[in-house]
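# Report on the structure
The primary structure of each chain is shown beneath.
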Amino acid sequence: MTGKQWYYAQLRWAVMVEGKQGLREWHDAAHIFLSEDEQSAFQQALEIGRLGEDIHTEGRRRWRPDWQRL
C-alpha cells in the first residue's frame with residue numbers, strides 16, 4: 001500500500017476573447033487522482049488546471065495537452 005488516497009477535483013476554465021468584454025463560454029472537467037495528502041492533491045489539481053489551459057486566437061486553436069502525461 002502506498003499511503004495514497006483518492007481525490008476529486010472539479011475544474012472550470014473561463015474562455016474570454018482578448019480585446020472584448022465579457023465571457024465567451026465555460027469549459028468544465030472533473031478529475032479523480034491519487035495523491036499523498038490534501039496539500040499535494042491541491043497542488044496536483046492546480047497543475048492539471050494549468051495543463052488544461054488553452055491559448056487560441058479566433059478561428060484557430062493551438063495544441064491542447066495530453067492528460068495522460070500526468
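In this text the structure is predicted, and so the values were computed from the model without any measurement.

One pass over the structure, following the stated rule, counts zero aromatic pairs. The ring centre of W26 lies 4.7 Å from the NZ or CZ of R12, which sits over that ring.

Among the surface-exposed residues, W6, Y8, I32 and L34 lie close enough to one another that they form a single nonpolar patch of about 500 Å² accessible area. With respect to the helices, strands and loops of the structure, W6 is situated in strand 1 (residues 5-16). For W6, a relative accessible area of 61% corresponds to the exposed category.

A general trend in soluble globular proteins is that nonpolar side chains are found buried together. If you look at the biggest cluster of nonpolar residues, it comprises eight residues: Y7, A9, L11, W13, F33, A41, A45 and I48. With four residues, strand 1 is the largest single contributor of residues to this core. When near neighbours in sequence (up to four residues on either side) are disregarded, F33 contacts Q5, W6, Y7, A9, A41, Q44, A45 and I48.

Let us look at the side chain of S35. Within the secondary structure, S35 is located in strand 2 (residues 23-35). A polar side-chain atom of S35 sits 3.1 Å from the main-chain amide nitrogen of A41. A distance of 3.5 Å separates the side chain of S35 from the side chain of Q44, its partner in a polar contact.

Let's shift gears to the environment of I32. Topologically, I32 is positioned in strand 2. Residue contacts for I32: discarding those within four places in its chain leaves W6, Y7 and Y8.

The terminal C-alpha atoms of helix 1 (residues 38-51), which comprises 14 residues, lie 20 Å apart, in line with the 20 Å expected from a rise of 1.5 Å per residue. All of the buried residues along helix 1 are A41, A45, I48 and G49. Angular distribution of buried residues about the axis of helix 1 spans 100 degrees; they occupy a single face of the element. On the buried face of helix 1, the contacting elements are strand 1 and strand 2. The distance from a side-chain oxygen at the start of helix 1 to the backbone nitrogen of Q39 is 3.2 Å, and the residue carrying that oxygen is D37.

Rules of the game
Here, residues in each chain are numbered from 1, in the same order as that chain's written sequence. Local features in this predicted model are restricted to residues whose pLDDT is 70 or higher, and side-chain atom pairs enter the listing and the counts only when it is 80 or higher, whereas totals over whole chains, interfaces and linings include all residues. Side-chain measures here rest on the full set of heavy atoms in the structure, leaving out hydrogens and waters. Pairing of aromatic rings covers Phe, Tyr and Trp, the last counted by its six-membered ring, and requires centre-to-centre distances within 6.5 Å; plane angles under 30 degrees mean stacked, over 60 mean edge-to-face, and any other angle means tilted. Lysine NZ or arginine CZ positioned within 6 Å of the ring centre and within 35 degrees of the ring normal marks a charge as sitting over the ring. Only residues whose relative accessible area exceeds 30% and that form no salt bridge enter a patch; like-charged residues are grouped when within 9 Å of one another, and nonpolar side chains (Val, Leu, Ile, Met, Phe, Trp, Tyr) when within 5 Å. In short, Shrake-Rupley with a 1.4 Å probe defines the accessible areas, and a residue's cover is counted only from the protein chains shown. Any carboxyl oxygen of Asp or Glu that lies within 4 Å of a side-chain nitrogen of Lys or Arg is treated as forming a salt bridge with it. Helix and strand labels come from DSSP, where a helix needs a run of H or I of at least four residues and a strand needs a run of E of at least two; each type is numbered from the N terminus. Remark: exposure states derive from per-residue accessible area (1.4 Å probe, protein chains only) relative to the maximum for the residue type, with buried under 20%, exposed over 50%, and partly exposed in between. In this description, a nonpolar core means a group of buried Ala, Val, Leu, Ile, Met, Phe, Trp, Tyr and Cys residues linked to one another through side-chain atoms lying within 4.5 Å. In this description, contact between two residues means that some pair of their heavy atoms is separated by no more than 4.5 Å. Counted as a polar contact is a pair of N or O atoms within 3.5 Å, where, for protein atoms, one must be capable of donating a hydrogen and the other of accepting one, and residues adjacent in sequence contribute only when both atoms are in side chains. To estimate how far a helix should reach, multiply one less than its number of residues by 1.5 Å. What the arc describes is the spread of directions from the helix axis to the C-beta atoms.

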